[in-house]
Amino acid sequence: MKLATWNINSVRLRLPLLLRFAAEYLPDIICLQETKCPDEFFPATKLRAAGYTHQAIWGQKSYNGVAILSRVPLTDIQTYARCGKQDCRHLSAHLPGGAALHNIYIPAGGYEADPIGNPKFQHKLDFVDELAAWWPQQTAGAKILVGDLNIAPLEHDVWDSKKMQNVVSHTPIEREKFLAMQNSIDWIDSAREFTPHDQKLYSWWSYRATDWDAANKGRRLDHIWVTPDLKSSLRGAHTPRDLRAWPQPSDHVPVILQIQD
DNA sequence: ATGGTCGATATTCGA
């Protein structure tokens, strides 16, 4: 089974790219973030025609929005309002076999890495704290966490870790809280099971770069974690960089995990 | 050191 996560930055604008991605990479399940689309306008019919007959969608006007598109049945679909807000950022479903799939869009956190002067940064830290406390309270059983987590935790998840110390997404407090959430139930960072920690690995390149490809100042913001009971089923993970060069791209590319059924 | 670009929506906000 191929499982993909992708911050698509408008599902309506990028529907042609989504269909091309589905046709070329054949993912069985696609988890989207930043769909920016109220549910009544979601292109459900066209995606059903492409084989994604099982869908869980949770969108809102203009911002946020998450969705799970699947070729296999989804059950027990749930949404979660976090940090006292109504943001559409966390959606889950159970897969055949029983694993719980959580699709999460962590707040980006604004520009200034100061929780007092910048409420968006505080919201981001609170969101991670809330999740870290929440996972141990859930029933045992196989779990998969995917999404745009908006944090690049490791030294080689960014182009220059020292220069990124004060840049939101790679600050010490974010990295610390991120690892605390990861350790809350022994989550496994699946992409790093297949790419050594001393090799650069990115899933996002800013729109603002003059030449994103040549500069290659990327960050690994998008993640797929699994619980230890799934570790022996992992078969490969990759981040198809070529999508960043497709016409009218998202600033994120998908992360794909292959799991033995 | 600065500003650079997107998308949705409305002429600004969030990324």
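Structure's up top.
Okay, so let's go over this structure. (Residues numbered from 1 in each chain as written. Chains lettered and ligands numbered in written order. Predicted model: local features only at pLDDT ≥ 70, side-chain atom pairs only at ≥ 80, totals over all residues. Heavy atoms only, no water.)

**Some thoughts on the environment of I8**
Then, number 1: With respect to the secondary-structure elements, I8 resides in the loop between β1 (2-7) and α1 (15-25).
Then, number 2: Under the relative-accessibility criterion, I8 is labelled buried at 0%.
Then, number 3: Each C-alpha atom, one on I8 and one on P249, is 8.4 Å from the other, the two residues being 241 residues apart in sequence.
Then, number 4: Contact partners of I8, with chain neighbours within four places excluded, come to R14, L18, L32, Q33, E34, T35 and S250. (Helix = DSSP H or I, 4+ residues; strand = E, 2+ residues; numbered from the N terminus. Buried < 20%, exposed > 50% of the residue type's maximum accessible area, 1.4 Å probe, protein only. Contact = heavy atoms within 4.5 Å.)

**What about the sheet that holds strand β8 (residues 143-148)?**
Then, number 1: Pairing is mixed in the open sheet, where six strands are placed in the order β5-β6-β7-β8-β10-β9. Each end of this open sheet is capped by a strand with a single partner; those strands are β5 (75-79) and β9 (188-189).
Then, number 2: Direction of pairing for strand β6 (residues 90-94) relative to strand β7 (residues 100-105): antiparallel, over a ladder of five bridges. Looking at β7, one finds that H90 is bridged to I104. (Pairing = 2+ DSSP bridges.)

**Section: the nonpolar core**
Then, number 1: Among the nonpolar cores identified, the biggest contains 26 residues, and W6, L18, F21, I30, L32, F42 and L69 are the most heavily contacted of them.
Then, number 2: Mapped by element, the contributors of at least two residues to this core are β1, α1, β2 (29-33), α2 (44-49) and β4 (66-70).
Then, number 3: In terms of residue count, α1 provides more of this core than any other element does, six residues in total.
Then, number 4: Once residues within four sequence positions are removed from consideration, L32 is found in contact with W6, I8, V11, L18, G65, V66, A67, L69 and N103.
Then, number 5: Membership of the second largest hydrophobic core comes to 24 residues, among which are W58, L91, I224 and V226. (Core = buried A, V, L, I, M, F, W, Y, C linked by side-chain atoms within 4.5 Å.)

**Looking at the sheet that holds β4**
Then, number 1: Taken in spatial order, the six strands make up an open sheet running β3-β4-β2-β1-β12-β11, and their pairing is mixed. Every interior strand has two partners, whereas the edge strands, β3 (54-58) and β11 (234-238), have only one. Along the sheet, successive strands turn relative to each other by an average axial angle of 10°, direction set aside.
Then, number 2: With five bridges connecting them, β1 and β2 associate as parallel partners. Along β2, the bridge assignment pairs T5 with C31.
Then, number 3: Packed onto the sheet, α1 meets β1, β2, β4, β11 and β12 (255-259) and runs at close to 155° relative to β1. (Axes fitted to C-alpha atoms, helices over the stretch in contact; angles between N-to-C directions.)

**Some words on the protein's contact with DNA strand B**
Then, number 1: Lining the immediate environment of DNA strand B, one finds 16 residues, of which S10, L13, S62, Y207 and R208 sit closest.
Then, number 2: A share of 65% of the atoms of DNA strand B within 4 Å of the protein falls on sugar and phosphate groups.
Then, number 3: Measuring from a phosphate oxygen of DNA strand B, one finds a side-chain N or O atom of R14 at 3.1 Å.
Then, number 4: Here a sugar or linking oxygen of DNA strand B sits 3.2 Å away from a polar atom, N or O, in the main chain of Y207.
Then, number 5: Tallied by class, the residues present in the surface near DNA strand B amount to five nonpolar, four polar and seven charged. (Near = heavy atom within 4 Å. Polar contact = N/O pair within 3.5 Å; in protein donor to acceptor, adjacent residues only side chain to side chain. Nonpolar A, V, L, I, M, F, W, Y, C, P; charged D, E, K, R; others polar.)

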